[in-house]
Amino acid sequence: MNQITAICFDGQIQKYSYKNQPNECPFCHKSITARIHQGFQKDSMLEIVFGCPDSSCGKIFIGLYKRTFVSNNWIYVFESTSIGTFVDKEFSENITNLSNNFVDIYNQAAKSESLNLHHIAGIGYRKALEFLIKDYLIKKNPEKEQAIKMKFLGKCIKEDIQNLNLKEIAERATWLGNDETHYVRQWEDKDINDLKALINISLHWIDMEILTEQYKQEMQ
């Protein structure tokens, strides 16, 4: 447990107990032991001004703590840091070549999620999934390009995907993706993290299929 002397909203100065410190700079994204500069308290929130100790960064950011009842005591528990810089998720060369639109849309969704825009992020991940699956099917069936573009995603998965593992996973990813766009959720025990996990599994099966075909062609 840590303690900090913080300035209250009414100008008083008091000591507060808080739990955990950020261990990654939101700007340079290095693992750090953050420097503590000042605390500010108002209502149920404690804000602590931290500094990155890395000489090539040195930026200031804020750790956000919420007053929580833990083990018969009120303490401030770390929730998040203020917004820094967003780092794009990197995908394999095969996936990037297959669907650059998927990569762009996925990272836009991830950036929305990093800003706590979870409702928008879920819709973005659903759109990224559609581009991934349709670009995958168009590459395998270029003669069906227009038909695939016009079909609903669920119908593409059922009718055009031959890889059974990919079919099963992509179908479930679509279910969760659709939940992100609808008023009433069908899968109450699943969330955006499950949707991302299913997209990542779909990426695995697609990547493995592309690699398999590459080596079969190169080593005939």
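The structure under discussion appears in the preceding block.
Residues numbered from 1 in each chain as written. Predicted model: local features only at pLDDT ≥ 70, side-chain atom pairs only at ≥ 80, totals over all residues. Heavy atoms only, no water.

**Q** Mind showing me how you'd approach the overall build of the chain here?
**A** When helices and strands are counted, the chain shows 7 helices and 6 strands. In terms of overall dimensions, the chain is more spread out than a globule: its C-alpha atoms have a radius of gyration of 23 Å, far above the 17 Å expected for 220 residues. Taking the principal axes of the C-alpha coordinates as reference, the chain spans close to 70 × 45 × 30 Å. Classification of the 220 residues of the chain by burial places 37% in the buried group. Of the roughly 13,600 Å² of accessible surface on the chain, 51% is carried by carbon and sulfur atoms. (Helix = DSSP H or I, 4+ residues; strand = E, 2+ residues; numbered from the N terminus. Rg over C-alpha atoms; globule rule 2.2 N^0.38 Å. Buried < 20%, exposed > 50% of the residue type's maximum accessible area, 1.4 Å probe, protein only. Areas by Shrake-Rupley, 256 points an atom, 1.4 Å probe, with all protein chains shown as cover.)

**Q** Looking at this structure, how should I read the sheet that holds strand S1 (residues 2-8)?
**A** Note: strands within a sheet are paired through backbone hydrogen bonds, in either parallel or antiparallel orientation. Pairing within the closed barrel is mixed, and its 6 strands lie in the order S1-S2-S6-S5-S4-S3. Here the strands of the sheet are splayed against their neighbours by 45° on average, with no regard to which way each runs. Of the pairings in the sheet, the one linking strand S3 (residues 35-42) to strand S4 (residues 45-51) comprises 7 bridges and is antiparallel in character. Across the sheet, residue Lys 42 finds its bridge partner in S4, namely Met 45. (Pairing = 2+ DSSP bridges. Axes fitted to C-alpha atoms, helices over the stretch in contact; angles between N-to-C directions.)

**Q** For this particular structure, what's the right way to read helix H2 (residues 100-114)?
**A** Since one α-helical turn is 3.6 residues long, residues separated by three or four positions face the same way. The terminal C-alpha atoms of H2 lie 21 Å apart, and with 15 residues this matches the ideal 21 Å at 1.5 Å per residue to within 8%. Buried-residue contacts for H2 involve helix H1 (93-98), helix H3 (118-140) and helix H7 (192-218). (Expected span 1.5 Å × (residues − 1). Contact = heavy atoms within 4.5 Å.)

**Q** Looking at this model, I keep getting lost on the environment of Leu 115. Mind explaining?
**A** Mapped onto the elements, Leu 115 comes out in the loop between H2 and H3. Take Leu 115: its relative accessible area is 34%, and that puts it in the partly exposed class. In this structure the C-alpha to C-alpha distance between Leu 115 and Leu 153, which are 38 residues apart in sequence, comes to 28 Å.

**Q** In this structure, what is going on with the pattern of salt bridges? I would like to understand it.
**A** Once their charged atoms are close, side chains differing in charge can pair, the charge on each being opposite to the other. On inspection of all chains with the given rule, the structure shows 13 salt bridges. Two residues, Lys 196 and Glu 113, come together in a salt bridge whose shortest N-O distance is 3.0 Å. Remark: Glu 113 occurs in helix H2 and Lys 196 occurs in helix H7; sequence separation between them is 83 residues. Glu 113 shares its class with Lys 196; the two are buried. The partner of Glu 145 in a salt bridge is Lys 149, with the nearest N and O atoms 3.0 Å apart. Of this pair, Glu 145 and Lys 149 both sit in helix H4 (residues 145-150), separated by 4 residues, roughly a single helical turn. The partly exposed category is assigned to Lys 149, whose relative accessible area is 44%. Salt bridges sharing common partners tie together Arg 126, Glu 130 and Lys 134. (Salt bridge = Lys/Arg side-chain N within 4 Å of Asp/Glu carboxyl O.)

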